[in-house]
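What follows is the residue order along each chain.
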Amino acid sequence: MKTKKQTKFVFVTGGVVSGLGKGITAASIGKLLTSRGFLVNMQKCDQYLNSDAGTLNPAEHGEVFVTKDGAETDLDLGHYERFIDYEMTRDSSTMQGDVYSTVIENERKGMYLGKTVQIIPHITTEIQRRILKSAEGKDVHIVEVGGTVGDYESLAYTEAIRPLKHKVGEENALYIHVVFVPYLEASKELKTKPAQNSVRDLREVGILPDILCVRSDHQLNEDVIEKLSLFCDVEPQAIVQMTTAKTVYEVPLMMEAQGIGDYITEQLGLGQPKPQLDEWRDLVARIKGVKNQVKIGVVAKYLNHEDTYMSVFEALKSAGWYHDSRVEIAWIDAEKLEQSLDPLHDVDGIVVPGGFGNRGVEGKILAAQYAREHDLPYLGLCLGMQIAVIEYARNVLGLAGANSTEMDPDTKYPVIDLMPDQKGVQMGGTMRLGNYDTAIAKDTRSYLVYGSERAVERHRHRYEFNNEYRDQLRKAGLCIAATSPNKKLVEMVEITKHPFYIASQFHPEFLSRPDRPHPLFRDFVGAAKRRSVHAVSQKSMMDGKYESS
């Protein structure tokens, strides 16, 4: 009889302040373990009472990352996929609101045999069930607990992971705590008291950290490490310095250099396999050694912080590294483009990312028109494809006022609309989410980009290209570059004679990797780089001409 594999567990918590980089820490640990040949899965436990991340404001919470099976999740799952190159599923995202809904539904069904339903044990048991389910069949399962230790919102999660060590065996679980050590300029010293207090809070709920990951903008000296070891009861070799890195992809190498990969495998009884990190080191060296620069304008309406378009930015950066270039991202306020197109004049390419709602749409349409008319590389993502179709219908086909029924329900020319079988369905049921097959037409630039007639791409949208206008737009010169395999849904459009003008209904950024950029981003940035080089050479020629005269 075959023995069931015992999964090892790594729990990552954080303290002192939010935004320390628990997600990057967890992803980096995942990278160290996958580089040793282990099958690793990861899971984010969020404290919000939402059912999923789909309705969270991206300007406040950051992007919504979509898994291959269509779950709308926290952006940290994007970090996980980029670092360990493994596609997550809905089991990798646990939102507290969904946990509560399940428990309340179970109570209504009489599944608790008349018992009083409480946070402990019913909520905590449901959390444990989800963690164990997500871990099935894996060598190591890494669980990141959102929020900060001491928050009331996170108490159910810390209470859930505390006894798991006994359920799975103490030798099969590790607790890692991420803390912050600030530097006081006035006294020229690092202060460990906030980290000590955070560990004390963790110990108060019954969790003793095995490893301490210390975030700081300054290098820790031996005295600081000894002090943390003494007051936090963590071995000095289990204290990891995580000073601010030039790129987040350097973090696994920083951790590996301190021996923490071997420490984790030793503590979990996984032996001492050697890590295979040469390709990752090459990636980091390439990032640090880029010689060129290309400027990409991202035309958007959420401009508060980079997390809003995290996967788009990472995909652009990785495409830049592929071309030995640093991508400088210029934030362009879509609404302000309605007053002036000046921000578009000095960029080498334009990206219009996904989004919902009509704010800023007219500015995005102007950006698409500018890119089309000025041979400026254009990449449209989801809404960015719909924008390209609307612009083409208005300004090339001559359908004045053409629009999406999302933006203008009464438009005379609804070139973007709900499909007939979507109408009358509750809003949540009309979304196309997760991976779908895509059929790419030969004799298109898109086919040259992919090098294949088939692709699997990730979606998150509700409105579709209206097939009633397909023939008109095609005859007017807009190429339908890709469709669903049954040809009912338009997946990509392009202007074939343009230097690069491709827009996709799906979100290719979710499948891009730091060492393997998605083909659409790779070739878009390549086209932008060619434009940049040409512009520089033209300027040099003109400067030389003026100097000689």
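Residues numbered from 1 in each chain as written. Predicted model: local features only at pLDDT ≥ 70, side-chain atom pairs only at ≥ 80, totals over all residues. Heavy atoms only, no water.

Peer 1: Would you take a moment to explain the overall build of the protein chain for this structure?
Peer 2: Secondary structure assignment for the protein chain yields 18 helices and 23 strands. The C-alpha radius of gyration computed for the protein chain amounts to 26 Å, which stays within 12% of the reference 24 Å derived for 549 residues, consistent with globular compactness. Dimensions of the protein chain, computed from the C-alpha atoms along their principal axes, are close to 75 × 70 × 50 Å. Taken over 549 residues, the protein chain has a buried fraction of 57%. Of the contacts formed within the protein chain by residues at least 6 apart in sequence, a portion of 74% connects residues at least 24 apart. When the accessible area of the protein chain is evaluated, it comes to approximately 24100 Å², of which 49% is carbon and sulfur surface. (Helix = DSSP H or I, 4+ residues; strand = E, 2+ residues; numbered from the N terminus. Rg over C-alpha atoms; globule rule 2.2 N^0.38 Å. Buried < 20%, exposed > 50% of the residue type's maximum accessible area, 1.4 Å probe, protein only. Contact = heavy atoms within 4.5 Å. Areas by Shrake-Rupley, 256 points an atom, 1.4 Å probe, with all protein chains shown as cover.)

Peer 1: What am I meant to see in the packing of aromatic side chains here?
Peer 2: What characterises a pair of aromatic rings is the spacing of the ring centres plus the angle enclosed by the ring planes. Taken as a whole, this structure holds twelve aromatic pairs when the rule is applied. Both rings, one in Phe313 and one in Trp331, keep their centres 5.3 Å apart while their planes meet at 85°; by these two values the pair is edge-to-face. One end of the pair, Phe313, is in helix H13 (residues 310–322); the other, Trp331, is in strand S13 (residues 325–333), with 18 residues separating them in the sequence. Judged by its relative accessible area of 30%, Trp331 falls in the partly exposed class. Each residue in the set Phe83, Tyr249, Trp280 and Trp321 is aromatic and connected to the rest through ring pairs, giving one cluster. (Phe/Tyr/Trp six-rings, centres within 6.5 Å; stacked < 30°, edge-to-face > 60°.)

Peer 1: What am I meant to see in the nonpolar core here?
Peer 2: Within soluble globular proteins, side chains that are nonpolar generally end up buried alongside one another. Formed by 59 residues in total, the largest nonpolar core has its most connected members in Ile142, Ile211, Leu212, Leu228 and Ile264. A total of six residues in this core trace back to one element, the largest contributor, which is helix H1 (residues 22–34). (Core = buried A, V, L, I, M, F, W, Y, C linked by side-chain atoms within 4.5 Å.)

Peer 1: Can you help me understand the sheet that holds strand S14 (residues 349–352) in this one?
Peer 2: Strand-to-strand pairing in sheets goes through backbone hydrogen bonds, with the strands running parallel or antiparallel. Strand order in this open sheet of nine strands is S13-S12-S14-S15-S23-S22-S21-S18-S19, and the pairing throughout is mixed. Two strands bound the open sheet, and with one partner strand each, they are S13 and strand S19 (454–461). Mean inter-strand twist for the sheet, computed between neighbouring axes without regard to direction, equals 25°. On the sheet, helix H15 (residues 383–395) packs against S14, strand S15 (378–381), strand S22 (490–494) and strand S23 (501–504) and is oriented at approximately 115° with respect to S15. (Pairing = 2+ DSSP bridges. Axes fitted to C-alpha atoms, helices over the stretch in contact; angles between N-to-C directions.)

Peer 1: It is not clear to me how unusual backbone geometry should be interpreted in this structure. Could you clarify?
Peer 2: Across the chain, the bulk of peptide bonds are trans and the bulk of non-glycine residues have phi less than zero. For the bond running from Ile120 to Pro121, omega is 20°, close enough to zero to count as cis. Its location among the elements puts Pro121 in helix H5 (residues 119–135). Despite not being glycine, Asp85 shows a phi value in the positive range, around 55°. Residue placement: Asp85 occurs in the loop between helix H3 (76–84) and strand S5 (93–95). In this structure Asp85 comes out as partly exposed when scored by relative accessible area, which is 39%.

Peer 1: Looking at this model, I keep getting lost on the side chain of Gln369. Mind explaining?
Peer 2: If you trace the backbone, Gln369 turns up in helix H14 (residues 361–373). By relative accessible area, which is 19% here, Gln369 ends up buried. The residues contacting Gln369, other than those within four sequence positions of it, are Glu391 and Asn395.

Peer 1: What is the right way to read the packing of helix H4 (residues 96–108) against H5 from this model?
Peer 2: For the pair H4 and H5, interaxial distance at closest approach is 10 Å and the crossing angle is 115°. Of the two elements, H4 crosses H5, and the hand of that crossing is right-handed. In this structure, H4 contributes Asp98, Val99, Tyr100, Thr102 and Val103 to the contact, and H5 contributes Ile119, His122, Ile123, Glu126, Ile127 and Arg130. Across the contact of H4 with H5, the residue classes break down as six nonpolar, two polar and three charged. (Left-handed = near helix turned anticlockwise from the far one by under 90°. Nonpolar A, V, L, I, M, F, W, Y, C, P; charged D, E, K, R; others polar.)

Peer 1: Can you walk me through the pattern of salt bridges in this structure?
Peer 2: Oppositely charged side chains may form a pair once their charged atoms are brought near each other. Inspection of the entire model under this criterion finds 37 salt bridges. Note that Lys109 is salt-bridged to Glu105, the shortest N-O span being 3.2 Å. Using a relative accessible area of 55% as the deciding quantity, one classes Lys109 as exposed. A salt bridge links Glu159 to Arg162; its shortest N-O distance comes to 2.6 Å. Relative accessible area serves as the criterion here: at 25%, Arg162 is assigned to the partly exposed category. Via salt bridges that share partners, Glu81, Asp85, Glu87, Arg458, Arg513 and Arg516 belong to a single interconnected network. (Salt bridge = Lys/Arg side-chain N within 4 Å of Asp/Glu carboxyl O.)

Peer 1: What should I look at first to understand the side chain of Gln386 in this one?
Peer 2: Counting through the fold element by element, Gln386 comes out in helix H15. Not counting residues up to four positions away in its chain, the partners in contact with Gln386 are Glu406, Ile416, Tyr463 and Gln505.

Peer 1: It is not clear to me how the sheet that holds strand S7 (residues 173–180) should be interpreted in this structure. Could you clarify?
Peer 2: One open sheet accounts for seven strands, arranged S5-S2-S6-S1-S7-S10-S11; its pairing is parallel. Among the strands making up the open sheet, the edge pair consists of S5 and strand S11 (239–243). For this sheet, the mean angle separating the axes of adjacent strands, direction not counted, is 20°. Here three bridges tie strand S2 (residues 40–46) to S5, and the two strands are oriented parallel to one another. Its bridge partner being in S5, Cys45 is matched across the sheet by Thr94. Across the face of the sheet, H5 comes into contact with strand S1 (8–14), S2, S5 and strand S6 (140–145) while running at roughly 160° to S2. Across the face of the sheet, helix H9 (residues 222–232) comes into contact with strand S10 (211–216) and S11 while running at roughly 130° to S11.

Peer 1: Explain the packing of H14 against H15 to me, please; I cannot follow it from the model alone.
Peer 2: Helix-helix packing is characterised by the crossing angle of the two axes and by the distance between the axes. Orientation of H14 relative to H15, taken along the N-to-C sense of each, is 70°, at an axis distance of 9 Å. Taken together, the axes of H14 and H15 lie roughly perpendicular to each other. Note on element contacts: H15 touches H14 through Leu383, Ile387, Ala388, Ile390, Glu391, Tyr392, Arg394 and Asn395, opposite Val361, Glu362, Lys364, Ile365, Ala368, Gln369 and Arg372. Of the residues belonging to the contact of H14 with H15, the class tally is eight nonpolar, two polar and five charged. (Parallel < 35°, antiparallel > 145°, perpendicular 65-115°, else oblique.)

Peer 1: How should the confidence of the model for the protein chain be read in this particular structure?
Peer 2: One rule of thumb: low pLDDT means the predicted coordinates there are not for detailed reading. When pLDDT is averaged along the protein chain, the result is 92, and 94% of the positions lie at 70 or above. Note on residues 545–549: pLDDT is under 50 here. Beyond four places in sequence and across chains, it has zero contacts. (pLDDT = per-residue confidence, 0-100.)

Peer 1: Whenever I open this one, the pairing of S13 confuses me. Can you help?
Peer 2: Remark: a regular strand shows side chains that alternate across the two faces of the sheet. Here strand S12 (residues 292–300) pairs with S13 via nine bridges, running parallel. Across the sheet, residue Asn292 finds its bridge partner in S13, namely Ser325. With H13 bridging S12 and its parallel neighbour S13, the resulting β-α-β unit is right-handed. (Right-handed = clockwise from strand over helix to strand, strands pointing away.)

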